[in-house]
Amino acid sequence: TADAAGVALATFPSQGGVERPAAVTLVPSSDWAAGIAASVLSGDPVRAPILLSDRDEVPEETATALEALRPEGSSETRDARVFRIGDATAPDNLRATDVSGGDPAVIAAEVDRLRAELVDRDPDNILLASTEDPAFAMPAAAWAARSGDPVLFVGRNNVPQATKEALKRHEDVPTYLLGPDSVASEKVVKEVEKLVPAVQRIEGEDPAASSVEFARFDAAGTFGWNITDPGHGLVVANGSRPLDAAAAAPLSASGKWGPLLVAESAHVVPAPLRGFLLDIKPGYRTDPTRAFYNHAWLIGNSDALSVGFQAQLDDLLELVQIQPPPGEPTSGGAERESRK
């Protein structure tokens, strides 16, 4: 809850006359799948940051953030100040649009309907995520916020009816499945392919590896982050805290736009993430102030991602000097750096 409030206020500062969001999205604090599905509302043109709410009351952190954000509605939100997802409680004084449903697939399909009403166009792509293991589904939230592509849910071996109906509404839209066979089997792929032309899977053997594969993925420039070089924003969250993915979604839709990368330990940067950061590690020849930089947001307190984890990540993000080939002239500054 505090993470979501912090991200919302980082994205929409309440000081300095910066533009406020027209609406916010309230997601149940006990429903990670609803949060991931609702992340699509964080993107343009709606730009509704996510806050978490309980079934019976609005938490203090959320109430404080709402007071600072002061959403007033707009034409993009159909005058709604709050999008209330599932059984999240909303303040009585804010005009709300409700999205209800008895399970993740239904809520995701209803969020897709709301998205279509608000933006009045078909999505460019559909992203399928599995409810089998939330850590594999977490990166979908960042992409939904970045792109406006809705997230729909499948099971390990089944495609819920609500998801099927949503896919029928978008039968010509490219469809991608996030996660390996262990969370969404080939049986699921075959069921989906009866409804859409084709399904392309993006996978890694564990949540960290899968998030890295998604960060690298590119489908001819029409889908995927395609991060293979330095100079990017990144968001890192602990896979045991799936609602942090929804809380962090606005960071992928503004500022230092970037994918969500999953850590499976609070203390150690996982090998797939370490390898990815080394691959895109920024460097410079003579002047570090002219270099491209990577920037990472770490979501949560030191229990979620420890100070040691942060130190490891800082080291992986740090600029390094690239030594020129033998015989190539260098500036005095570079020569002094080499002597050091």
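Located above this text is the structure these notes cover.
Per-chain numbering applies: the sequence of each chain, read as written, is numbered from 1 onward. Selection of residues for local features in this predicted model requires a pLDDT of at least 70, selection of side-chain atom pairs for listing and counting requires 80 or more, and totals for whole chains, interfaces and linings are taken over all residues. Side-chain figures throughout are based on the complete set of non-hydrogen atoms in the structure, without hydrogens or water.

A. View of the sheet that holds strand β2 (residues 50-53). Within the open sheet, the four strands sit side by side as β2-β1-β3-β4. Their pairing is parallel. This sheet does not close on itself; its edge strands, each paired only once, are β2 and β4 (96-99). On average, each strand axis in the sheet is inclined to that of its neighbour by 25°, with strand direction left out of account. In this analysis, strands are considered paired if DSSP registers two or more bridges between them. Note on conventions: DSSP H or I runs of at least 4 residues are helices, E runs of at least 2 residues are strands, and numbering of each starts at the N terminus. Alignment of strand β1 (residues 24-28) against β2, held across four bridges, turns out to be parallel. Between N-to-C directions, angles span 0 to 180 degrees; the directions come from axes that are lines fitted to C-alpha atoms, helices contributing only their stretch in contact.

B. Expanded view of the pattern of salt bridges. Every case where a carboxyl oxygen of Asp or Glu lies within 4 Å of a side-chain nitrogen of Lys or Arg is listed as a salt bridge. Tallying each qualifying case throughout the model produces 14 salt bridges. With its nearest N and O atoms 2.9 Å apart, the salt bridge here joins Asp3 to Arg241. With Asp3 in helix α1 (residues 2-11) and Arg241 in the loop between β9 (233-238) and α10 (243-248), the pair connects residues that are 238 residues apart, well separated along the chain. Between Arg20 and Glu72 there is a salt bridge whose closest N-O contact spans 2.9 Å. In this pair, Arg20 sits in the loop between α1 and β1 while Glu72 sits in the loop between α3 (60-69) and β3 (82-85), placing the two residues 52 residues apart along the sequence. Exposure categories follow from relative accessible area, calculated using a 1.4 Å probe and restricted to protein chains: below 20% of the type maximum is buried, above 50% is exposed, and the middle band is partly exposed. Arg20 gets classed as partly exposed once you look at its relative accessible area, which sits at 29%. Take Glu72: its relative accessible area is 53%, and that puts it in the exposed class. Where salt bridges share partners, they join Asp3, Arg241 and Asp244 into one cluster.

C. Region of the structure containing the nonpolar core. Residue types Ala, Val, Leu, Ile, Met, Phe, Trp, Tyr and Cys, when buried and joined through side-chain atoms within 4.5 Å, form a set referred to as a nonpolar core. Phe83, Phe153, Phe214, Phe223, Phe276, Leu277 and Leu313 are the most contacted members of the largest nonpolar core, which totals 93 residues. Not counting the four nearest positions on each side in its chain, Leu277 is found in contact with Leu234, Leu313, Leu316 and Leu317. Leu26, Leu66, Leu69 and Ala90 belong to the second largest nonpolar core, which has 13 residues in total. Contacts: residue pairs with any heavy atoms within 4.5 Å of one another.

D. Here's a closer look at the pairing of β3. In terms of strand pairing, β1 meets β3 through three bridges, oriented parallel. From the neighbouring strand, Val24 faces β3, where its bridge partner is Val82. Where β3 lies against β4, four bridges are found, and the strand directions are parallel. The residue of β4 that forms the bridge with Phe83 is Thr97.

E. Up close: the sheet that holds strand β7 (residues 175-178). The strand order across the open sheet formed by four strands is β6-β5-β7-β8, and the pairing between neighbours is parallel. Each edge of the open sheet is held by one strand with a lone partner, namely β6 (151-154) and β8 (199-202). Averaged over all adjacent pairs, the angle separating strand axes in this sheet is 30°, with direction ignored. Helix-sheet contacts for helix α7 (residues 161-169) involve β5 (126-130), β6 and β7, and the interaxial angle to β6 is about 140°.

F. A look at the pairing of β5. Among the five residues in β5, five count as buried, and that is most of the element. Along β5, one buried face is formed by Ile126, Leu128 and Ser130 and the opposite face, lined by Leu127 and Ala129, is buried too. Pairing of β5 with β6 involves four bridges; the strand directions are parallel. Residue pairing in the sheet places Ser130 in a bridge with Val154 of β6.

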